[in-house]
Every structure is written in structure tokens, then in C-alpha cells.
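A structural walkthrough
Chain by chain, the residues run as shown.
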Amino acid sequence: MEDNRKNLIKLGLYFGALVVLIIVLKLSGGSVNTNVNNSDMNTPKEETILSTIEKINSKYYKSKVYITLDDDAQTIEYEKKDNILVGNKKYHQESINFIEYNDNYYTYNEDRISRLYDFSYFDYDKTFIDLNNFKSLIKLDSVNKEYSLNDNKVLELTFDIRDVLKLYNNINNTNYITLDKQEINLKIYSKNNKIEYMLLELTELYNFINNSKFEEVNYKLTFEETKKEDTSWLIERLN
């Protein structure tokens, strides 16, 4: 009887230890799974949005730029076809079609193409309306946050003006320097993981470079990749 009682106690201890071990393993496994799931859930959505921009072919895309400087504004819509730019400029109720090729400008109307002199398709700073430069700007992001606005998701990127100036100098072969720590913001508005438009707030940078005193300078931009096409026929007409 005594031996049986000891065996039962020993069996009970073994069984209890086994139950404890199973519980510990389950808890450990659950914790790992939970972390994996949380990691998946917390994967930044900005990677998807920003990679969309990064993947756009810089030789074939179309863009729309709307700049506001206090009470002034200008709009350009253009399509880049490798080494040719074809677009439309709207400024002060004037609209003009333009083509840029080999640093020369042309205008077109139906089937007529004529040379333009003393023309600029954009009267303000062009640095970050170029897709390659815009991609470089995005890589400078130091702080980002995401929030909802109506039906849109908004991804806000924040840049240090000193970093932006280094990039600006590299692109434009200039030597602007500031010791002030100021922020430049880029807001990317998206819906269903598709970018609606982007708002680049460049007031501080624009005023610093141009020695101006605008209260608000905003670039509203869109970029969309297009298909590669043969433009030899157009080049022949321009030459």
C-alpha cells in the first residue's frame, strides 16, 4: 500500500510537471506568434507608398505641379518621354503648350510646331519637381507619421532643412548653408494605397534661397509612370 501511494504521488508529480511544461511552451509559442503578428501589423505602410514612387521610371512619366506662393499660383502638366518634355503651362489665365528638347523650347497647336524664345515652362524653383530629385528628397526623411483625413490616409515626412540644403547644393552646384534647425514637411495623401497627391511645404527653403518673405510656399505634385514610346517622329520635326 505504501509503495502504491508513493508511485501515485510520483506519477502525479510527473503529470503535474508535464502540464506545467505544456503550459509554458504554449505561452512561449503564443508570445512568439503574437510578436510575429504584431510585426506584420506594424510594418510601416509608408514602405508601400514610398516604394510606389521609387519604382516610377524616371525616363517615362507624367506629372502635375501646382505651386502657390501666398496669393500667386502656377500650374504645369507635363509628360517626360526620355529626353523630351511635352506639356502645358497655366499662369495668370494664360495657357501655353510647350515642348522642351535639347534645351530648346517649342510650342504646338494642332499640327503646327514653332520655336519659343525666352521661355521657361516653370517660373519658380524646379529642383524638386524633377522626379529623380524628388526621390532623393524622400530618402532624407528623419521623422514620419501617418494619420487619417476624411477618406485619405496621410503620410507626413519631415526633413531637416540643413540636410535638404546639402542635397540642393549637390543638385544645383550651389553652396547654401544655414545653422538654423528648421523642418520641411512633405504630406502624401493616398486612398486605397494609391497616391492621390503630395504636398511639399517649402516656405523656409524657398525664402532662404531666394531671399524672399513669402508666408506660404507649397508645391502640390503628382507623378505617374507612363509607357515607353517611340518619339523619333517628333525629334525629326524639331530638328
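An account of the accompanying structure is given in this report. (Residues numbered from 1 in each chain as written. Predicted model: local features only at pLDDT ≥ 70, side-chain atom pairs only at ≥ 80, totals over all residues. Heavy atoms only, no water.)

On to the overall build of the protein chain, then. In terms of helices and strands, the protein chain carries 6 helices and 11 strands. The contacts in the protein chain between residues at least 6 apart in sequence include a share of 50% that link residues at least 24 apart. (Helix = DSSP H or I, 4+ residues; strand = E, 2+ residues; numbered from the N terminus. Contact = heavy atoms within 4.5 Å.)

Turning to the pattern of salt bridges, a few remarks are in order. This structure, assessed with the given rule, holds 6 salt bridges. Note that Glu54 is salt-bridged to Lys139, the shortest N-O span being 4.0 Å. Separated by 85 residues along the polypeptide, Glu54 in helix H2 (residues 46-54) and Lys139 in the loop between helix H3 (131-138) and strand S7 (143-149) bring together distant segments of the chain. Assessed through its relative accessible area of 37%, Glu54 is described here as partly exposed. Given a relative accessible area of 62%, Lys139 falls into the exposed group. The partner of Lys187 in a salt bridge is Glu201, and the shortest N-O contact between them spans 3.6 Å. Here Lys187, found in strand S9 (residues 183-191), pairs with Glu201, found in strand S10 (residues 194-201); they are 14 residues apart in sequence, far enough to count as distant. Glu201 sits in the partly exposed class, given a relative accessible area of 23%. Put simply, Glu79, Lys81 and Glu229 are held in one network by salt bridges that share partners. (Salt bridge = Lys/Arg side-chain N within 4 Å of Asp/Glu carboxyl O. Buried < 20%, exposed > 50% of the residue type's maximum accessible area, 1.4 Å probe, protein only.)

With that settled, the discussion passes to the packing of H3 against helix H4 (residues 161-172). Think of two packed helices as two axes; the pair is described by the angle between the axes and how far apart they sit. Where H3 contacts H4, the axes come no closer than 10 Å and their chain directions differ by 150°. When the axis of H3 is compared with that of H4, the two are roughly antiparallel. H4 is crossed by H3, and the crossing has right-handed handedness. Contacts between H3 and H4 involve Asn133, Ser136 and Leu137 on the former and, on the latter, Val164, Leu167 and Ile171. (Axes fitted to C-alpha atoms, helices over the stretch in contact; angles between N-to-C directions. Parallel < 35°, antiparallel > 145°, perpendicular 65-115°, else oblique. Left-handed = near helix turned anticlockwise from the far one by under 90°.)

Under the counting rule described, the total for this entry stands at 15 aromatic pairs. Measuring from centroid to centroid gives 5.8 Å for Tyr61 and Phe223, while their planes differ by 70°, and the two rings are edge-to-face. A residue pair is termed long-range when its members are at least 10 positions apart, and Tyr61 in strand S1 (residues 60-69) and Phe223 in strand S11 (residues 217-225) qualify at 162 residues. This pair shows no difference in class: Tyr61 is buried, exactly as Phe223 is. Against the face of Tyr106 rests Arg115, its NZ or CZ located 5.9 Å from the ring centre. (Phe/Tyr/Trp six-rings, centres within 6.5 Å; stacked < 30°, edge-to-face > 60°. Lys NZ or Arg CZ within 6 Å of the ring centre and 35° of its normal.)

Looking now at empty space enclosed by the protein. Summed over the entire model, instances satisfying the criterion amount to 1 cavity of 30 Å³ or more. Within this model, the largest cavity holds a volume of roughly 70 Å³. Taken together, Asp125, Lys126, Thr127, Phe128, Tyr168, Leu202, Leu205, Tyr206, Ile209 and Tyr219 make up the lining of the largest cavity. Tallied by class, the residues present in the lining of the largest cavity amount to 7 nonpolar, 1 polar and 2 charged. (1 Å grid on protein atoms, 1.4 Å probe; cavity = no way out; pocket = protein on both sides within 12 Å on 5 of 7 lines; lining within 4 Å. Points joined across faces, edges and corners; volume = space filled by probe spheres on them. Nonpolar A, V, L, I, M, F, W, Y, C, P; charged D, E, K, R; others polar.)

Glancing now at unusual backbone geometry. Even without a glycine there, the phi angle at Asp70 is positive, about 55°. Mapped onto the secondary structure, Asp70 falls in the loop between S1 and strand S2 (72-81). Overall, the relative accessible area of 40% leaves Asp70 in the partly exposed class. Unusually for a residue other than glycine, Asn173 sits at a positive phi of about 55°.

All right, on to H4 then. Between the first and last C-alpha of H4 there are 16 Å, a value that for 12 residues agrees with the 16 Å anticipated at 1.5 Å per step. Restricting attention to buried positions, one finds in H4 the residues Ile161, Val164, Leu165, Leu167, Tyr168 and Asn169. Residues of H4 that are buried sit in contact with H3, strand S8 (152-160), S9 and helix H5 (203-210). At the C-terminal side of H4, Asn173 shows a positive phi close to 55°. (Expected span 1.5 Å × (residues − 1).)

Two elements, strand S5 (residues 104-109) and strand S6 (residues 112-116), share 5 bridges in a ladder whose sense is antiparallel. Each bridged residue has a counterpart across the sheet, and for Thr107 the counterpart in S6 is Ser114. Counting the residues between successive antiparallel strands, the hairpin from S5 to S6 contains 2 residues, one of them, Glu110, with a positive phi of roughly 55°. (Pairing = 2+ DSSP bridges.)

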